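# Analysis of the macromolecular model
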Amino acid sequence: MSYLTFDGVSKRFGGLQAVANVSFRMARGELLALIGPNGSGKTTLLNILSGYYAPDSGSISLEDTAIHGLKPDQVAHRGFARMFQLTRVFRRMSVMDNLLVAGYAVGLDHAAAAKNAARLTEELGLSHLNDEDAGRLSGGQQKLLEFGGCFMGEPTVVLLDEPFAAIHPSMKEILARRIKERHDEGQTFIIVSHDIPAVLELCPRAVVMNAGEVIADDATERVLNDERVIEAYLGGTAG
Ligand SMILES: Nc1ncnc2c1ncn2[C@@H]1O[C@H](COP(=O)(O)OP(=O)(O)OP(=O)(O)O)[C@@H](O)[C@H]1O
Ligand SMILES: [Mg+2]
């Protein structure tokens, strides 16, 4: 049975069709790449999925429950966790407190949150920075912290928007390794990325968007050799 189902999802901003009739299904535990040129609608699709926009038409279901049109906190309550294209951390709070807040938000008590937070900073190589203000971390460390925040609870689906952008190779490696481990444990992911080598290494399947539409959906290697996909990337911009 399909776990996450997008059926004819569309979203228009004024005269611009940002997402056009997007349909695809995901199985539980899939690690899916969502790729495509700048402006092709990837972040908008994640924004719809996580409740920031209602689609103009179409539906999104998690198992057999419709989730489109819910508010972001309601989607989060269903276990969706997300990293943003522009990193979001509480800059004037410590690394540990950032994670504790993420833990309280998913309903953990302090002891459980503290335990998970300590484990996560250890795993992500951030434990020496536990008491540091998050705003003092490098961009890559902030991404790792935001990634950690996704796992304070037990997420149903984790959405990562450009997790590898502008991040030091050593941190990229930590992030990729942690994504892979969690995928092996059965975690469902959607990863938006322009980092084609990383996508090829991590994601067995890729959905490609161009000008709001899905133009390919197949095994990642096959998709990357698809003429329409190559043309879309070479063409540069959407529409
Ligand atoms: N809130 C908004 N209001 C108006 N237009 C928007 C809004 N959000 C996105 N767009 C437009 O919708 C289109 C799709 O944008 P989106 O951010 O989804 O693309 P993307 O595939 O994530 O691009 P990138 O790879 O550059 O991050 C773009 O033309 C963008 O300018
Ligand atoms: Mg984007």
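Report on the accompanying structure.

Rules used throughout
- Residues numbered from 1 in each chain as written.
- Chains lettered and ligands numbered in written order.
- Predicted model: local features only at pLDDT ≥ 70, side-chain atom pairs only at ≥ 80, totals over all residues.
- Heavy atoms only, no water.
- Helix = DSSP H or I, 4+ residues; strand = E, 2+ residues; numbered from the N terminus.
- Rg over C-alpha atoms; globule rule 2.2 N^0.38 Å.
- Contact = heavy atoms within 4.5 Å.
- Areas by Shrake-Rupley, 256 points an atom, 1.4 Å probe, with all protein chains shown as cover.
- Donors = N, O, S within 2.8 Å, 3.2 Å for Na, K, Ca; no water.
- Pairing = 2+ DSSP bridges.
- Axes fitted to C-alpha atoms, helices over the stretch in contact; angles between N-to-C directions.

## Description of the overall build of the protein chain
Check the secondary structure of the protein chain and you find nine helices and ten strands. Relative to its length of 239 residues, the protein chain is compact, with a C-alpha radius of gyration of 18 Å against a globular reference of 18 Å. By its C-alpha atoms, the protein chain is 50 × 35 × 35 Å across when sized along the principal axes. When contacts within the protein chain are restricted to residue pairs at least 6 apart in sequence, those whose partners lie at least 24 apart make up 66%. Counting every atom, the protein chain has about 11,300 Å² of accessible surface; 49% of that belongs to carbon and sulfur.

## As for the coordination of the magnesium ion (ligand 2)
Ligation of the magnesium ion (ligand 2) by protein atoms is provided by Thr43 (OG1) and Gln85 (OE1), these donors lying 2.0 to 2.3 Å from the ion. Of this pair, Thr43 sits in helix H1 (residues 42–49) while Gln85 sits in the loop between strand E6 (80–83) and helix H3 (95–105), placing them 42 residues apart in sequence.

## Notes on the sheet that holds strand E3 (residues 31–35)
Strand order in the open sheet made by the six strands is E6-E7-E8-E3-E9-E10, with mixed pairing throughout. Among the strands making up the open sheet, the edge pair consists of E6 and strand E10 (213–219). Between one strand and the next, the sheet's axes are offset by a mean angle of 15 degrees, whatever the strand orientation. Where E6 and strand E7 (residues 157–161) come together, four bridges link them in parallel fashion. Residue pairing in the sheet places Met83 in a bridge with Leu160 of E7. Helix H6 (residues 169–184) contacts E3, E7 and strand E8 (188–192) of the sheet and is inclined by roughly 145 degrees relative to E8.

## Some remarks on the sheet that holds strand E2 (residues 16–26)
Read across the sheet, four strands follow the order E2-E1-E4-E5 without closing on themselves; strand pairing throughout is antiparallel. The sheet is open, and its two borders are formed by E2 and strand E5 (65–66), each paired with just one other strand. Along the sheet face, H1 touches strand E1 (4–13), E2 and strand E4 (57–62) and points at about 115 degrees away from the line of E1.

Functional significance is not addressed by these values, which are geometric in nature.
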